[in-house]
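Structural overview
Spelled out, the chains give:
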Amino acid sequence: MRRFWVASCLFAFLACGGGDGDSGGSSGAAAAAPLGNSSITGVISFAGSVPTNPAIDMAEEPDCAVKHSDGPTDPIVVVTDGKLANVFIRIVGGLPDGPYPEPSEAAAIDQNGCLYSPRVVGVMVGQTLEITNSDPLLHNIKAVPTENRGFNISQPRAGMTSPRTFNTPEIMIPLECNVHGWMNAYVGVVEHSYFATSAVDGSFTIGGLPAGTYQVAVWHETLGTQSGDVTVEADGSATLNFTFGG
Amino acid sequence: MSWILPPGASTFAGDIDFLYYVILVITGIAFVVVEVGLLVFAIKYRARPGRKAQYIQGSIKAEIIWTAVPAVTLVIIGLMSGGVWNHIKGRNSIPPNAIPYEVHVKQFEWNFTYRGPDGQLGTADDFTLRNQLHIPVNRPVELQLIAEDVIHSFFVPAFRVKQDAVPGMDINVWFEATEVGEYEIACAELCGLGHYRMRARVIVHSAEDYQQWLSDRSAAADEE
Amino acid sequence: MATSAVSLEPAAHTEAHELSFLRKYIFSTDHKIIGIQFLLMSFVFLLFGGLMAMMMRWQLGFPDRPLPAGQLLPETMAPGGILLPEFYNSLVTMHGTIMVFFAIMPLLVGVFGNFLIPLKIGAPDMAFPRLNMASFWVAFSAGILMMAGFFVEGGHAAAGWTAYAPLSADPEWTGVSGGQQIWLLSIAILGLASIMGALNYITTVVNLRAPGMTWFRMPLSIWSLFITAILVLLAIPILSGAAIMLFFDQTIGTHFFDWTDGGQVILWQHLFWYFGHPEVYILILPAMGMVSDIIANGSRKPVFGYHSMVFALISIAFLGWVVWGHHMFQSGMNPTLGMTFMISTMIIAVPSAIKVFNWMGTMWRGNIRFHVPMLHAVGFVAMFVIGGLSGIFMASTPVDIYIHDTYFIVAHIHYVLFGGSLFAIFAAVTYWYPKMFGRMMNSTLGKIHFWLTFLFYNLTFFPMHDLGIAGHMRRIYDPSQYEFLQPLAPLNRFITVSALLLFTVQILFAVNFVMSWFNGKKAPENPWDANGLEWTVPSPPPHGNFAKVPTVYRGPYEYSSPLVEDDFLPQTRKLASDVDPAAAGL
Ligand SMILES: [Cu+2]
Ligand SMILES: [Cu+2]
């Protein structure tokens, strides 16, 4: 429907470009101090037999292929010693009303060796996501959101950076490169900054929380979603682990 | 600057290049006649004081000549072209012994699907390579172009072959390479911001090398 | 028959009631002012289109070097001054769009259709002056809207001026949504303006001819504008309809061109080129007509084979409707259709050949005055020939397999539209400038401009044939990506430098145009010793044009007639042997 409105605007000769006003990174509320000093930590495990990731045919992109010494594979399910990486963890319930403190730095995603790194990244609504190209060749970055405004931009040279922001919470926005059909990444857009992505060792930490009981949801691109509850004391730390089955 | 076509490496090159040179000679003659004529007239009939132009309104004879000569020439070019066109793109032009490939064309990749050892497309032993087309020399091949998003155009300059891949249409194009070697494939139809880099390679093997490559490849595919 | 009941009485205008500045120069209903408005508007768009071409040429010649002053462009177009591929595609699209729809077409049809038709047929104004004014302002609005597309999020339309679906139909494939919609709306609005203009021209030519101005006493410029108007009236609605269908696909979810949901991708191409090929003739016929007038004047001779020139125009207008498929030989269209379109295309080349030989015949045994308009007119013939001959290569379907979508096509279209139409426009502007503005343009500056333009034009576009023959694809952002194109880099740089020089020497024309307006020598009534009706009235002609309805005694090309001492014989001059047209039943 939004497209229709764009069109209707045009009928009135209005160049109503950035109608959504999505240029600002700061939403006006002063970068508030953390709401607390508690944190949730945990580890994402993987049980069962680990699926093999498909090999990538990078023969026609020698500049990328050299960056993968033992043959590039598509890192869909990354399991190391039974621990699962690239899981997106966020708080979905139990938080006090905002405004929430904003991350002080921009989130970043790099294109290196014709793969996205990291593959899964979270941003707060309005926070800048810096998309960088470290390869000496063309990548295009196409975002296909359902709630936010999509884009399709290109980075023909190494060293280019394009900042982008999102205005509406959305789990997850897929990014793709159409020059390299295997390149996929996922951006989680959350209304607050209480989210994390599991590291190679499966670990994650969400800090700066006030005391309380929280519902936590986790997401993986092929293994689905799970959720759990956890209570933290003031200035304390609580543990919440998840396990995805094979 | 050169009006010579680059070397061709398919069976089409002979016919197309011949037609091209025929047209080049004919248009070259017309070009010289007109340009030299204009230049001569411009100098010879430039205004000089006391002279008056000759009052001529036209000549039926001249009109007939310069209607008929271009018309006949053009129709002859048309008829010569028609035969070659039918041979290359005609409905039934694809030789029965052509090796079929499925080509899934998308922004901005050419994905070539090969029939596996069973010699059949659409079976489990098919395998797909990105931006690489391996073919044997002196054997017709048939590409089934399947566009998945927008219009692209399969273009191999050395083979003098170009065919749009159109979403929703089944389009087959064939050719027969005559020289072993590597050639570039380009996308010739504007297809988006990566259009300029939608390139791939054809690798033309000798018949034996092709068989060798195919069985190596299938063995590798089995291991995976 | 030539005069009719709707004829506007010149007397009604001679009352000369003072009009406000606004009514006189802005919302004017005077066909001459409207013509000049179109002229100024089209020149601005010509400049924009040229600037876009320069940016593209820079990218092609120097792919990794920042564009001079490119830092002024926003990050979404050229970060660090180096163009982005998506912006390059917008430039490709908008250069074509602006040049075809907002520069060449209004220059030929809007400017000279308006300015010349009433003056040359002896009418006080157009048949529908208010419709005429509306036509300009609608076209102007469409132009503003078209430029606005550069400022919307996602950038301007990037699917080529031909806007092939599905690339143009779904923002998913380009990242462009608002820009493409603006493009479609602007094209549909411009179509409205063209239709209004065409209706007006046809009605005026049919109804408002002066006594004695029979069909076969009309100058070829008027014949060509008349036939062009018919083509516009028939062709533009098809484009508008197609644009609206595509707009609906984009906005309200119809699926005319959506192959996944019952639509047909190739339908767009049929609709577009069914309009598009007549459009090619819309862009060249008026040029041919005006050049015919100027060559006869310059050669001081009648147009050779006037009647066959008229029949050639008419046959082009008919055949122009059955050749559109030659744009689609490689589109997957049924190959048998390819044969049909090849033959019709070969045949349509014949009337063009006839015209070229007739122009040469006109110069033959003439007494040629090389005034600036004549230089440009002969330049037109010399360049149009190349565009016509190169067309034969692509008309031959097998050769087209190789050169389709390469720079050979780019060379061809520029030999027709720049070497052809634009040289004719230079010829026409310099020829009728005295009548438009009452001043003469500087002839020395004009000649320098012609020769430098002619030189750099050929240095720019002739080598593009060679790029095409080497297989260089068109609409390519960075040719260095292909190994087989890398050896062409020096040629690409050469073309870029030539193009920059070609662009630069147009300053001479701009300076001449503007300076002469203020400081030019006062123009006499008939500076070129020409025969047409427009040269019998003051320069510039008053509102209402003719103090009394002129009477026409002969055709427009009676140069060097043995009947008189002078080497010209105006259409309105009554000789002792001439009979009053009313008495002759004309
Ligand atoms: Cu990529
Ligand atoms: Cu493509």
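Because the structure is a prediction, the values reported are computed rather than measured.

Time to look at the overall build of chain B. From N to C terminus, chain B includes 3 helices and 10 strands. Computed over C-alpha atoms, the radius of gyration of chain B comes to 25 Å, more than 25% over the 17 Å expected from 2.2 N^0.38 for 224 residues, which places it beyond the range of a compact globule. Expressed along its principal axes, the backbone C-alpha trace of chain B runs to roughly 95 × 35 × 35 Å. Counting all 224 residues of chain B, 54% fall into the buried class. In chain B, 64% of the contacts between residues at least 6 apart in sequence involve partners at least 24 apart. Approximately 9600 Å² of chain B is accessible, and the part contributed by carbon and sulfur atoms is 60%. Measuring between centres, the 18 positive side-chain charges of chain B sit 21 Å from its 25 negative side-chain charges.

Before going further, it helps to spend a moment on the overall build of chain A. Secondary structure assignment for chain A yields 2 helices and 19 strands. Counting all 246 residues of chain A, 47% fall into the buried class. In chain A, once contacts between residues fewer than 6 apart in sequence are set aside, the share between residues at least 24 apart is 66%. Accessible surface, chain A: about 10600 Å² in total, of which carbon and sulfur atoms supply 51%.

In this section: the domain arrangement of chain B. Residues and elements named next belong to chain B. Per the domain assignment, the segments of chain B are domain 1 (13–89) and domain 2 (99–223). For domain 1 versus domain 2, the distance between C-alpha centres works out to 41 Å. Contact residues are listed per partner, giving 6 residues for domain 1 and 4 residues for domain 2. Of the roughly 470 Å² buried at the junction of domain 1 and domain 2 (both faces included), carbon and sulfur atoms supply 46%.

Moving on, we come to the coordination of the copper ion (ligand 2). Residue and element names in this part refer to chain B. Around the copper ion (ligand 2), the donor atoms from the protein are His152 (ND1), Cys187 (SG), Cys191 (SG) and Met198 (SD), and they sit 2.1 to 2.4 Å away. Each of the 4 donor atoms around the copper ion (ligand 2) contributes to a set of angles spanning 91 to 125 degrees, which defines the coordination as tetrahedral. Here the donor residues of the copper ion (ligand 2) are spaced in sequence according to H-x34-C-x3-C-x6-M. The residues Cys187 and Cys191 share a single accessibility class, namely buried.

Let's shift gears to the pairing of strand β9 (residues 181–187) of chain B. Residues and elements named next belong to chain B. Across the 7 residues that make up β9, a large majority, 5, are buried. Sheet topology note: the strand β6 (residues 152–156)/β9 ladder contains 2 bridges and is antiparallel. Within β9, the residue paired with Phe155 across the bridge is Ala186. Sheet analysis places β9 next to strand β10 (residues 200–205), joined by 5 bridges and oriented antiparallel. Across the sheet, the residue bridging to Gly181 is Val204, located in β10.

Moving on, we get to the coordination of the copper ion (ligand 1). Residues and elements named next belong to chain A. Those donors, His139 (ND1), Cys177 (SG) and His180 (ND1), are the protein atoms that reach the copper ion (ligand 1), and they lie 1.9 to 2.2 Å from it. The sequence motif formed by the donor residues of the copper ion (ligand 1) is H-x37-C-x2-H. Here His139 is found in strand β9 (residues 139–143), whereas its partner Cys177 is found in the loop between β12 (170–176) and β13 (184–190), with 38 residues between them in sequence. Judged by relative accessible area, which is 0%, His139 ranks as buried. We classify Cys177 as buried; its relative accessible area is 2%.

Calculation notes
Residues numbered from 1 in each chain as written. Chains lettered and ligands numbered in written order. Predicted model: local features only at pLDDT ≥ 70, side-chain atom pairs only at ≥ 80, totals over all residues. Heavy atoms only, no water. Helix = DSSP H or I, 4+ residues; strand = E, 2+ residues; numbered from the N terminus. Rg over C-alpha atoms; globule rule 2.2 N^0.38 Å. Buried < 20%, exposed > 50% of the residue type's maximum accessible area, 1.4 Å probe, protein only. Contact = heavy atoms within 4.5 Å. Areas by Shrake-Rupley, 256 points an atom, 1.4 Å probe, with all protein chains shown as cover. Lys, Arg positive; Asp, Glu negative; His and termini not counted. Charge placed at Lys NZ, Arg CZ, Asp CG, Glu CD. Domains from an automatic or database assignment. Buried area = accessible area lost by both parts, 1.4 Å probe. Donors = N, O, S within 2.8 Å, 3.2 Å for Na, K, Ca; no water. Tetrahedral: all angles 85-135°; square planar, octahedral: opposite > 155°, others 65-115°. Pairing = 2+ DSSP bridges.

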